[in-house]
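Residues per chain, in single letters:
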4 protein chains.
Amino acid sequence: MTPSLTPTAERRVRDSFARQGFMKKLGVEMRALDYGWCELAVAFDETLTQQHGFFHAGVTATIADNACGYAAYSVMPEGSTVLTTEFKLNLLAPAKGPVLVSRARVIKPGKTLVIVECDVWNNGEGEETLAAKMLATTLCLMNREDAPGGAAKK
Amino acid sequence: MTPSLTPTAERRVRDSFARQGFMKKLGVEMRALDYGWCELAVAFDETLTQQHGFFHAGVTATIADNACGYAAYSVMPEGSTVLTTEFKLNLLAPAKGPVLVSRARVIKPGKTLVIVECDVWNNGEGEETLAAKMLATTLCLMNREDAPGGAAKK
Amino acid sequence: MTPSLTPTAERRVRDSFARQGFMKKLGVEMRALDYGWCELAVAFDETLTQQHGFFHAGVTATIADNACGYAAYSVMPEGSTVLTTEFKLNLLAPAKGPVLVSRARVIKPGKTLVIVECDVWNNGEGEETLAAKMLATTLCLMNREDAPGGAAKK
Amino acid sequence: MTPSLTPTAERRVRDSFARQGFMKKLGVEMRALDYGWCELAVAFDETLTQQHGFFHAGVTATIADNACGYAAYSVMPEGSTVLTTEFKLNLLAPAKGPVLVSRARVIKPGKTLVIVECDVWNNGEGEETLAAKMLATTLCLMNREDAPGGAAKK
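So, a few notes on the structure that sits alongside this text.

About the thresholds
Residues numbered from 1 in each chain as written. Chains lettered and ligands numbered in written order. Predicted model: local features only at pLDDT ≥ 70, side-chain atom pairs only at ≥ 80, totals over all residues. Heavy atoms only, no water. Least-squares fit on C-alpha atoms with pLDDT ≥ 70 in both. Contact = heavy atoms within 4.5 Å. Pairing = 2+ DSSP bridges. Helix = DSSP H or I, 4+ residues; strand = E, 2+ residues; numbered from the N terminus. Axes fitted to C-alpha atoms, helices over the stretch in contact; angles between N-to-C directions. Buried area = accessible area lost by both parts, 1.4 Å probe. Salt bridge = Lys/Arg side-chain N within 4 Å of Asp/Glu carboxyl O. Polar contact = N/O pair within 3.5 Å; in protein donor to acceptor, adjacent residues only side chain to side chain. Nonpolar A, V, L, I, M, F, W, Y, C, P; charged D, E, K, R; others polar. Buried < 20%, exposed > 50% of the residue type's maximum accessible area, 1.4 Å probe, protein only.

Take chain A, turn it by 180 degrees, move it 0.0 Å along the axis, and it overlays chain D with an RMSD of 0.0 Å. Taken together, the rotation and translation describe the operation of a two-fold axis. Both copies share a contact surface, since 100% of the interface residues of chain A are interface residues in chain D too.

Printed below as a string of structure tokens:
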């Protein structure tokens, strides 16, 4: 029923992720990827905190938006690039971690727009609690390189 | 008409900003603060990029959310702490910088909820272009320390 | 595990729904209600359309927001009233009906804020397709009547 | 600087508005239209209320979404149709009216997506108070009729 993620598509998505300097800076890993599905994770660190000592909402937004973008990109065709056009994030509980995990799922694929939802979890020793939820709208741009210079025109 | 930002309130807000590890990691500065108003800025760096070589949407979200939170906090009373409960971000143009600047303005103060809007600009040599727009809902929690341990209960 | 909806709570929610003039005008029914769960439905009518002949996005937003509000109200205590503070709606497919059904589920209860998600479906002869998705933030106000004059102060 | 709204474009937008059954049902008027700008208004009526006796949030959402859609449509080319893909609405104060007025302004035009913001006002005898704010993403579909049958494919 659900198409499989081809090796070509998987490589396209993972290569894109690897080009993101910000992912390296935060230490975000891509833990899982499938057709219309992506899971990212980041481990707690003092440098990722806000004033209460929890993960900053910006970190939560980053791993949620990125998981949404790559879940969407996994259903887009070869020769395309993905852009997030907008997203909304509800912060549901303090983001304590110790690992913050985002799981994004495409809810509506399309030729131009792909809509994705994402849950973000505080993940610890054998237990998880819901930290945040995102609903995102991504855009598929054709015949654009998914690299510097590729998204000049919307 | 608009109240002034008292020295006590200004100190409260700037101290909170200084406690955020993530702001130091990204190199974000608080450029301006007034009653119901906050401006933050971050300079371009390769480590802050996504796959096209622009600022990552997570950086845009971070400085927009934080400006919103501190614009809101500037109108909250002493003895409170601020939490972002949710935000929505539209990405309008590639975030090229060279400096990314967020300007947040309280549009509706309240005893429990303070609503804020924020424009994010690509700021260069004497010119600015609009990169993103945020609409955020923040929560005022009373009798809570704005430090680790302070936001245990919502 | 999940608490039950008491008869008192059920009556509180259904009475509130019955006070809404707009629900009568549109012909919206409350089809199901449980603890943290609410289902509403509206049948297609020419007077509810936009220019393409589908349900207007305003109708979709109305039954989604209302289902969210009442799912939230079902977990709020006696003596409270519910207000929607904000919501975001993604429109995923044309809202053809013939019946438009909204199903809302509380994802995060709280003393002050209750967060709810809602799917809206085109419901026909033994089949359903997803038309829209909402993520909403509702506010619990204590010691306020859930009737005219009850929500004077936020 | 800002282009003018041509008579052809104005007729296209007003004709589309006139095809919306839901606008007639609620008694919404298009008060003003310009290039990238639209103002709608609806007068208070018991049949448009929620349980506190104010305008229902669904009415607020309807006139805000519609103003956004038509502000966007005013900058779209001939032969196109407009669809709202998503919107977010913050409810800032009770929607008392006596007239509820929405004013939408395009903040980012584009070939595919047009982003719009909208303020909704309680409008009375020589005074206005801000009731709600919306940020919306609209989609321009080319070579589609802006009438029944026109939006079959996204």
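That shown, we press on.
The subject of this paragraph is the sheet that holds strand β6 (residues 128–142) of chain C. Backbone-to-backbone hydrogen bonds join strands into a sheet, with any given pair of strands oriented parallel or antiparallel. With antiparallel pairing, 12 strands are arranged side by side in an open sheet as β1(C)-β2(C)-β4(C)-β5(C)-β6(C)-β3(C)-β3(D)-β6(D)-β5(D)-β4(D)-β2(D)-β1(D). Of all strands in the sheet, those with a lone pairing partner are β1 (29–34) of chain C together with β1 (29–34) of chain D, marking the two edges. Recorded for the sheet is a direction-independent mean angle of 20 degrees between the axes of neighbouring strands. Here helix α1 (residues 7–18) of chain D sits on the sheet in contact with β1, β2 (37–43) and β3 (80–91) of chain D, set at roughly 160 degrees to β1 of chain D. This element, helix α3 (residues 57–73) of chain D, spans β3 (80–91) of chain C together with β1, β2, β3, β4 (99–108), β5 (113–123) and β6 (128–142) of chain D of the sheet and lies at about 140 degrees to β3 of chain D.

Moving on, we come to the interface of chain B and chain A. One frequently used descriptor of interface size is the decrease in accessible area upon assembly of the parts. Tallying the contact residues gives 48 residues for chain B and 48 residues for chain A. Across the interface of chain B and chain A, roughly 3,400 Å² is buried in total on both sides, 55% from carbon and sulfur atoms. In terms of surface lost to chain A, no three residues of chain B exceed Phe 22, Gln 51 and His 52 of chain B, which account for 22% of the buried area on that side. Along the contact surface separating chain B from chain A lie 2 salt bridges. Here Glu 86 of chain B and Lys 88 of chain A are joined by a salt bridge, their closest N and O atoms 3.1 Å apart. Applying the counting rule to chain B against chain A returns 23 residue pairs in polar contact (both at pLDDT 80 or more). The set of elements that each furnish at least two residues to the side of chain B that touches chain A consists of α2 (21–26), α3 (57–73) and β3 (80–91) of chain B. Take the side of chain B that touches chain A: its biggest share by element is 11 residues, from β3 of chain B. Looking at the side of chain B that touches chain A residue by residue, the class counts come to 20 nonpolar, 19 polar and 9 charged. The pairing of strand β3 (residues 80–91) of chain A with β3 of chain B spans 5 bridges and is classified as antiparallel. Across the sheet, the residue bridging to Leu 89 of chain A is Phe 87 of chain B, located in β3 of chain B.

It is worth spelling out the relation of the copies chain B and chain A at this point. Relating one copy of the chain to the other takes a rotation about an axis and a shift parallel to that axis. By a simple turn and slide, chain B fits onto chain A: the slide is 0.0 Å along the axis, the RMSD is 0.0 Å, and the turn is 180 degrees. A high fraction, 100%, of the interface residues of chain B reappear at the interface in chain A, so the copies pair face to face through one surface.

Looking now at the interface of chain A and chain D. Each partner contributes residues to the interface: chain A has 8 residues there, and chain D has 8 residues. Taken together, both faces of the contact between chain A and chain D bury some 790 Å²; the carbon and sulfur share is 69%. At the junction of chain A and chain D, the tally comes to 0 salt bridges. Joining chain A to chain D, the criterion identifies 0 residue pairs in polar contact (both at pLDDT 80 or more). Secondary-structure elements contributing two or more residues to the side of chain A that touches chain D are β3 and β6 (128–142) of chain A.

Moving on, we get to the pattern of salt bridges. For the coordinates displayed, the defined rule picks out 44 salt bridges over all chains. One salt bridge in this structure joins Glu 117 of chain B and Arg 105 of chain B, with 2.7 Å as the shortest N-O distance. Pair noted here: Glu 117 of chain B is in strand β5 (residues 113–123) and Arg 105 of chain B is in strand β4 (residues 99–108), with a separation of 12 residues, a long-range link. For Glu 117 of chain B, a relative accessible area of 9% puts it in the buried group. Taking the relative accessible area as the measure of exposure, Arg 105 of chain B reaches 40% and is therefore partly exposed. Among the charged side chains, a salt-bridge network with shared partners connects Arg 105, Glu 117, Asp 119 and Lys 133 of chain A together with Arg 105, Glu 117, Asp 119 and Lys 133 of chain C.

In this chain, Gly 97 of chain C is followed by Pro 98 of chain C through a cis amide linkage whose omega measures 5 degrees. The topology assignment puts Pro 98 of chain C in the loop between β3 and β4 (99–108).

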